[in-house]
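Chain by chain, the residues run as shown.
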Amino acid sequence: MTTATPEQQRQLLDLQAVDTTIRQLEHRRANLPEQQQLDAEVETLERVRGELATAREELATVERRQSRLEGEVAAVDSRRKSEEGRMYSGQITSEKELAAIRGELNSLKTRKSDLEDELLELMERREELESLSEELTTRRAELEDAVETLTRERDEAATGIDAELVERRRERADVAEPLPAPLLAFYDELLARKQGLAVAELQGRMCAGCRLELTAIELEEVRAEAKGGLPRCEQCERILVIAK
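Because the structure is a prediction, the values reported are computed rather than measured.

1. Considering the pattern of salt bridges
Applying the stated rule across the entire model yields 28 salt bridges. For Glu118, the salt bridge identified is with Arg65, shortest N-O distance 2.3 Å. Taken together, the residues Glu118 in helix α3 (residues 95–176) and Arg65 in helix α2 (residues 33–88) connect sequence positions 53 residues apart. Classification of Glu118 by relative accessible area gives partly exposed; the value is 28%. For Asp77, the salt bridge identified is with Arg80, shortest N-O distance 3.6 Å. Pair noted here: Asp77 and Arg80 are both in helix α2, with a separation of three residues, about one helical turn. Each of Asp77, Arg80, Lys112 and Glu116 takes part in a single network of salt bridges with overlapping partners.

The following block contains the structure:
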């Protein structure tokens, strides 16, 4: 069972006051207008970076596909020229063989047309992606500049808070130092469970933590426990310290 002398109970109340101040400072630090602006710009920057990476990846795929199609078109042209050369060379006299060459030329013409249609679509898409990548690159640079500026402004705005936090944390260490380790551990665990408020004053019959009044019996129990134990609020379970 955790116990505390009346003096240690008052020290816990002093420690709670310091921890409340630290908590408030940390809240202010995390919610600086500059920090909120910075968070929004960082989020946008990450989204733009993702979009740029996706656009560049697709562009690389399109470029590879375009290069392959251009190679296929060149191959079809080469084959067509070769077949036309054979057809007009005068060396082939068989009508059946000439008909086969004409059929092959028609097939090559159709194949080239299909390849060129696909190639045109790819070229248009490549143009779109190049334009998009350029826009996103510019936007990324603008956001990186904005993030750098806002980070500097945030750090400047936080300087005073950070200095006070250092002082309050040093004060906390001084206040906590004389308390027994088991009592301090109990307080810290309760502080985490009770959203930063582990110790409250008993103001008359009211717990300053939950703002509820104690019954006459509960009040007597708290007064008795305060002589050497560790009085707790029956409602919220916080440590109660009788107001001077």
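2. Describing the nonpolar core
If you look at the biggest cluster of nonpolar residues, it comprises 24 residues, and the most contacted ones within it are Leu12, Leu15, Tyr187 and Val199. Among the secondary structure elements, those contributing two or more residues to this core are α1 (6–30), α3, α4 (181–193) and β3 (239–242). With six residues, α1 is the single largest residue contributor to this core. Look past the residues within four positions of Leu12 in its chain and what remains in contact with it is Leu179, Leu183, Tyr187, Val199, Leu230 and Ile239. Ranked by size, the runner-up nonpolar core spans ten residues in total, among them Leu59, Val62, Val76 and Leu115.

3. Examining the environment of Leu12
As for its placement among the helices and strands, Leu12 is situated in helix α1. Judged by its relative accessible area of 0%, Leu12 is buried. Distance from Leu12 to Ile239, taken between C-alpha atoms, is 8.8 Å for residues 227 residues apart in sequence.

Reading the values: the criteria
Residues numbered from 1 in each chain as written. Predicted model: local features only at pLDDT ≥ 70, side-chain atom pairs only at ≥ 80, totals over all residues. Heavy atoms only, no water. Salt bridge = Lys/Arg side-chain N within 4 Å of Asp/Glu carboxyl O. Helix = DSSP H or I, 4+ residues; strand = E, 2+ residues; numbered from the N terminus. Buried < 20%, exposed > 50% of the residue type's maximum accessible area, 1.4 Å probe, protein only. Core = buried A, V, L, I, M, F, W, Y, C linked by side-chain atoms within 4.5 Å. Contact = heavy atoms within 4.5 Å.

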